[in-house]
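Overview (structure and organization)
Each chain, letter by letter, is given below.
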Amino acid sequence: MRSPVWHAHVIACLAGCTALVLGVTGTVAHAQVAQAAQGRDLGRETLPVSDGWGSEGTGTTGGAAATAEHVYTVTNWAEFKAALKAGGDAPKIVKVEGVIDPVAEGCASFAAAGYDFDAYLEKYSPENWGLDKDLSGEPADSPEGLRAASAVNQDKAIKANVPANTTIVGVGRNAGIRGGSLQIKGVDNVILRNLTIEAPLDCFPQWDPTDTDTGAWNSEYDAVVVYGSTHVWVDHNTLTDGRYPDSTLPTYFGQTYQQHDGLLDVVRGANYVTVSWNSVEDHDKTMLIGNSDSAGPTDTGKLKVTLHHNRFEGVVERAPRVRFGQVDAYNNHFVVTKGQSYGYTFGIGASSQLYASDNAFSLPADVSAAKTLKKWNEAPLTAENNYVNGKLTDLIAVHNAEIPGETLPSGAGWTPTLRTKVDSPRAVPGIVGGHAGAGKVC
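**Details of the packing of aromatic side chains**
- Tallying each qualifying case throughout the model produces 23 aromatic pairs.
- Between Phe 117 and Tyr 257, the ring centres sit 5.4 Å apart and the planes meet at 55°, which makes this aromatic pair tilted. Here Tyr 257 lies in the loop between strand 16 (255-256) and strand 17 (264-267) and Phe 117 lies in helix 5 (residues 117-124), a separation of 140 residues in the sequence.
- Ring centres of Tyr 355 and Trp 414 lie 6.0 Å apart, and the angle between their planes is 65°; on these two criteria the pair is classed as edge-to-face.

Following this line, the structure appears as C-alpha cells:
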C-alpha cells in the first residue's frame, strides 16, 4: 500500500507541479509519480480552488463535464474548427494531436485576384505617395483595396471562435497550433492547455504613412485573445513567434515589415482569468490587459487577471501592459537575453492596479532593473519581494530614482487572496524553468 506521504506528493504535483522539486525521493517513487501523471486525462481537469482570479465565483471547469459524444480528437485545422462548432455550448473537450496549421498552403492561398505586392510597394512608397495621407480612401481595385480583400480571406481562414464550456488540450508533448488565432470572445468557462502556439503571421500588413513621422507597417491577429469573456484558464502552453521571429522580418520603406501582433491579450470587459505555467518566448508586443485608455465603460471593475509561474524569455514589452484591471503577477521568471531588444516588463496604464510580488528577473549587465517598469499613466501599483539576478530589489524605488520623470506611486490598494502557493522568488527560476510550457504538465 502506498504511504500517505506519497499520496500527498502526487496531489501536490497534480495541483501545482512543485512536488517533484520539493521532494518525492527514490527511483520507485519517481516512477509512480510519472505513471500517475501519464494516466491523467488533462481534458477532465479543472482550475483548482483559489488558483487565481479564474477561480472566482463559479470557477473554471471548461469542458470537464463533456459527455463522450462531445469529446473530439482533431489532427488538422478543418477538424478543429468543426469540433469547436459542434454541439453549441454543451461542455466539450477538443484534443489536438500533432501540429495543426491553417496556413499550411502559404500566404499566396489567401491573395485576392490581381493582388501584387510589388505594385503595392511602388504606389505607396514615401517617394510616390508621401507621408501626410493614409490609405483609407483607396478604391477596391487599388493595391490597397486588393490587400484589404486578401486580408479578409486570411482573417476568415485563421480565426477560430472558441465556445463556452470548452477545454482545448494538446495530446502528449508535441501538439500545437501554427498560425491560427484563437478567439475566446463573449463566452464563459474556457480552458486552454498543453499546446505550443506559434503566433499568426499577418500575410498582408497595412502600410500607414501617417503612423509616426516615418510611417509604419501595422499587423493584425493575436495568437490568443480573450475578449469580453469570463472564467478562462490558460495553462502549460508555449507561446512564441517560433519559425518567424521579428529578427527575420524584412524592411520596406525603411521600417520593419511587422507581421506580428499580440501573443495573449485580455480585453473589452474580460474578467476572471488565470494564466499559469506558460512559457512565453521571443515576441515583441506580448500581452495587453485592456487595449484602450477610452475603454473605461467596458473595463472598469473588470480585467481581473492572475499571472503565476510563467516564464517570459526574449520578450520586448507588455509582459503585461495593464489598463483598469486588478492584475496579480507572482512567481513569474522574466529573462532578458543579452543583446535582445528590450523595452520594459510591466506597463502601468490607465486606472490599473497591478500587484507584482515574488517574481524573479534575470537581466544582463547593460539592462537596469529600473526598466522593468514603464509608466504610461498615473496609477498605483504594489511591487514587493521581487528579486533581480538573485538580489532583493525594490523595483519602484529603483525606477523612481533612475527615471524621475516617470515617478510611480506605491500601493495598489488591494491585496490578492486567490493564490494556492507562493514559492520563494529565489527558487522561481528553477521551478518555473523545469515546469512551465507545453509538454511539462507533471
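Having seen it, we continue.
**Overview of the state of the cysteines**
- Applying the stated criterion across every chain yields a total of one disulfide.
- Disulfide pairing places Cys 107 opposite Cys 203 at an S-S distance of 2.0 Å. Between Cys 107 and Cys 203, the S-S torsion sits near -70°, and that sign places the bridge as left-handed. One end of the pair, Cys 107, is in the loop between strand 3 (99-100) and helix 5; the other, Cys 203, is in the loop between strand 9 (196-198) and strand 10 (206-208), and 96 residues separate them in sequence.
- When its relative accessible area of 29% is taken as the criterion, Cys 107 is described as partly exposed.

**Overview of the pattern of salt bridges**
- The tally for this structure, following the rule as stated, stands at 15 salt bridges.
- Notably, a salt bridge pairs Glu 45 with Arg 193, separated by 2.9 Å at the nearest N-O pair. Here Arg 193 lies in strand 8 (residues 188-193) and Glu 45 lies in the loop between helix 3 (27-38) and strand 1 (71-74), a separation of 148 residues in the sequence.
- Judged by relative accessible area, Arg 193 falls into the buried class, the value being 2%.
- Its salt-bridge partner being Lys 421, residue Asp 423 comes within 2.5 Å of it at the nearest N-O pair.
- Asp 423 sits in the buried class, given a relative accessible area of 5%.
- Several salt bridges share partner residues, and in doing so they unite Arg 40, Glu 45, Arg 193 and Asp 235 into one network.

**What about the layout of surface pockets?**
- There is about 450 Å³ of room inside the second largest pocket.
- Taken together, 16 residues line the second largest pocket, and the ones lying closest to its centre are Glu 220, Asp 222, Asp 261, Asp 265 and Asn 291.
- Sorting elements by how many residues they give to the lining of the second largest pocket places strand 7 (residues 181-185) first, with three residues.
- Considering only residue class, the lining of the second largest pocket consists of five nonpolar, three polar and eight charged.

**Remarks on the confidence of the model for the protein**
- Taken residue by residue, the protein gives an average pLDDT of 92. The fraction at 70 or more is 91%.
- Taken together, the stretch residues 1-37 has pLDDT below 50 and engages in 43 contacts with residues farther than four places along the chain or on a different chain.

**Focus: the environment of Phe 334**
- Secondary-structure assignment places Phe 334 in strand 25 (residues 333-335).
- Judged by its relative accessible area of 3%, Phe 334 is buried.
- C-alpha of Phe 334 to C-alpha of Pro 429: the two residues are 95 residues apart in sequence and 8.8 Å apart in space.
- When sequence neighbours within four positions are dropped, the list of residues in contact with Phe 334 reads Phe 312, Ala 319, Thr 345, Phe 346, Asn 359, Ala 360, Phe 361 and Ser 362.

**Considerations on the side chain of Thr 345**
- Within the element layout of this structure, Thr 345 appears in the loop between strand 25 and strand 26 (346-348).
- Judged by relative accessible area, Thr 345 falls into the buried class, the value being 4%.

**Details of the pairing of strand 21 (residues 305-308)**
- Here strand 21 shows a buried face lined by Val 305 and Leu 307 and a second buried face lined by Thr 306 and His 308.
- Pairing analysis gives four bridges linking strand 18 (residues 271-276) to strand 21, with the strands arranged parallel. In the sheet register, Thr 274 faces strand 21, and the bridge partner there is Thr 306.
- By the bridge criterion, four bridges tie strand 21 to strand 24 (residues 326-330) in an arrangement that is parallel. Of the residues in strand 24, the one forming a bridge with His 308 is Tyr 330.

**With respect to helix 4 (residues 77-85)**
- Looking only at helix 4, the buried set comprises Trp 77, Phe 80, Ala 83 and Leu 84. Down the axis of helix 4, the buried side of the element spans an arc of 125°, and every buried residue falls inside it. Turned more than 90 degrees away from the buried face of helix 4 sit Ala 78 and Lys 85, all of them exposed.
- The N-terminus of helix 4 is capped by Asn 76, whose side-chain oxygen sits 3.2 Å from the backbone nitrogen of Ala 78.

**Points about the nonpolar core**
- One finds Phe 80, Ile 168, Val 224 and Phe 346 to be the most contacted residues of the largest nonpolar core, which totals 68 residues.
- For Phe 346, the residues in contact, after removing those within four places along its chain, are Ala 319, Pro 320, Ala 329, Phe 334, Leu 354, Ala 356, Asn 359, Phe 361, Thr 372, Leu 373 and Lys 374.

**Quick notes on the pairing of strand 17**
- Alternating positions in strand 17 separate into two faces, Leu 264 and Val 266 on one and Asp 265 and Val 267 on the other, with burial throughout.
- Where strand 12 (residues 224-227) meets strand 17, four bridges bridge the pair, whose relative direction is parallel. Residue pairing for strand 17: Val 224 is matched across the bridge by Leu 264.

**As for the sheet that holds strand 6 (residues 176-178)**
- Spatially, ten strands are ordered 3-6-9-14-19-22-25-28-31-32 in an open sheet, and the strand pairing comes out mixed. Looking at strand neighbours, the two that pair on one side only are strand 3 and strand 32 (391-393), the edges of this open sheet.

**Quick word on the sheet that holds strand 1**
- Sheet architecture is open: ten strands sit in the order 1-2-5-8-13-18-21-24-27-30, paired in parallel fashion. In this open sheet, the two edge strands, each paired with only one partner strand, are strand 1 and strand 30 (381-384). Sheet twist, expressed as the average angle between the axes of neighbouring strands with direction ignored, equals 10°.
- As paired strands, strand 24 and strand 27 (residues 353-357) are joined by five bridges and run parallel to one another. Across the sheet, residue Gln 326 finds its bridge partner in strand 27, namely Gln 353.

Thresholds applied
Counting restarts for each chain: residues are numbered from 1 in the order of the written sequence. For this predicted model, a pLDDT threshold of at least 70 governs which residues receive local features, and a threshold of 80 or more governs which side-chain atom pairs are given and counted, while totals over whole chains, interfaces and linings are taken from all residues. Remark: hydrogens and water are excluded; side-chain values derive from all non-hydrogen atoms of the structure. Aromatic contacts are taken between Phe, Tyr and Trp rings whose centres are within 6.5 Å, Trp giving its six-membered ring; a plane angle under 30 degrees counts as stacked, one over 60 as edge-to-face, and the others as tilted. Helix numbering and strand numbering both begin at the N terminus, where a helix is a DSSP run of H or I of at least 4 residues and a strand a DSSP run of E of at least 2. In what follows, a disulfide is any cysteine sulfur pair within 2.5 Å. Exposed residues in this analysis have more than 50% of their type's maximum accessible area, buried residues have under 20%, and partly exposed residues fall in between, with area computed by a 1.4 Å probe over protein chains only. Salt bridge criterion: a side-chain nitrogen from Lys or Arg within 4 Å of a carboxyl oxygen from Asp or Glu. Buried and open spaces are told apart on a 1 Å grid over the protein atoms alone, a cavity being a set of points where a 1.4 Å probe fits but cannot get out and a pocket being an open set with protein on both sides within 12 Å along at least five of seven lines. Residues with an atom within 4 Å of a point are the lining residues. Grid points are joined across faces, edges and corners, and a volume is the space filled by probe spheres set on the points. Residue classes follow a fixed rule: Ala, Val, Leu, Ile, Met, Phe, Trp, Tyr, Cys and Pro count as nonpolar, while Asp, Glu, Lys and Arg count as charged, and any other residue, Gly among them, counts as polar. Think of pLDDT as the predictor's per-residue confidence, scored from 0 to 100. Contact between two residues is taken to exist if any of their heavy atoms lie within 4.5 Å; hydrogens are not considered. Two strands qualify as a pair provided that DSSP identifies no fewer than 2 bridges between them. What the arc describes is the spread of directions from the helix axis to the C-beta atoms. Under this definition, polar contacts are N or O atom pairs within 3.5 Å; protein pairs additionally need one hydrogen-donor-capable and one acceptor-capable atom, and for neighbouring residues in sequence, both atoms have to be side-chain atoms. Take the buried residues of types Ala, Val, Leu, Ile, Met, Phe, Trp, Tyr and Cys, join any two whose side-chain atoms come within 4.5 Å, and each joined set is a nonpolar core. Axis angles are defined between N-to-C directions and span 0 to 180 degrees, where every axis is a line fitted to C-alpha atoms and, for a helix, only to the segment in contact.

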